[in-house]
Amino acid sequence: MPHQENKELIEHLAYCIAACEHCADACLSEDDPSSLAECIRLDRDCADICHLALTYISRDSVYADSAVEECADICIDCAEECEKHEHDHCKNCAEACRACAKACGAFV
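Residues numbered from 1 in each chain as written. Predicted model: local features only at pLDDT ≥ 70, side-chain atom pairs only at ≥ 80, totals over all residues. Heavy atoms only, no water.

J.: Any chance you could explain helix α1 (residues 7-28) here in plain terms?
T.: Helix length check: α1, at 22 residues, gives a terminal C-alpha distance of 32 Å against a target of 32 Å (1.5 Å per residue), a fit within 8%. Listed in full, the buried residues belonging to α1 are Leu9, Ile10, Leu13, Cys16, Ile17, Ala19, Cys20, Cys23, Ala24, Ala26 and Cys27. In this structure, the buried residues of α1 make contact with α2 (37-58), α3 (64-82) and α4 (88-107). (Helix = DSSP H or I, 4+ residues; strand = E, 2+ residues; numbered from the N terminus. Expected span 1.5 Å × (residues − 1). Buried < 20%, exposed > 50% of the residue type's maximum accessible area, 1.4 Å probe, protein only. Contact = heavy atoms within 4.5 Å.)

See the structure below:
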């Protein structure tokens, strides 16, 4: 079981993964998904780094700090890209990414 003090970060990471995966999938269903290509790429990258950070924190890896630091950076990039779009799924994803980046910043 992961350390209790990391519970909030783990919850933010898990929520961010779900928001990014949903956003990427929803972008593919929009009228012009090619215009959302960068959003989709960042959604996927963000979900992947959040998953890695969550895994490293859960196993108390010596690399957790590095993964969480990188996660914060990618979450910010993803939020900035999602904020360029008017879709609800992009807005929700940006919000999840910003919250996750903040939680990551408190960890490192």
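J.: Looking at this model, I keep getting lost on the packing of aromatic side chains. Mind explaining?
T.: For any pair of aromatic rings, the description rests on two quantities: the centre-to-centre distance and the angle between the ring planes. One pass over the full model with this rule turns up one aromatic pair. Ring geometry for Tyr56 and Tyr63: centres 6.4 Å apart, planes at 45 degrees, overall tilted. Tyr63 gets classed as exposed once you look at its relative accessible area, which sits at 53%. (Phe/Tyr/Trp six-rings, centres within 6.5 Å; stacked < 30°, edge-to-face > 60°.)

J.: Mind showing me how you'd approach the side chain of His89 here?
T.: Take His89: it is sitting in helix α4. With residues up to four places along the chain from it excluded, the contact list for His89 reads His22, Cys23, Ala26, Cys27 and Glu30.

These figures come from the coordinates and say nothing about function on their own.
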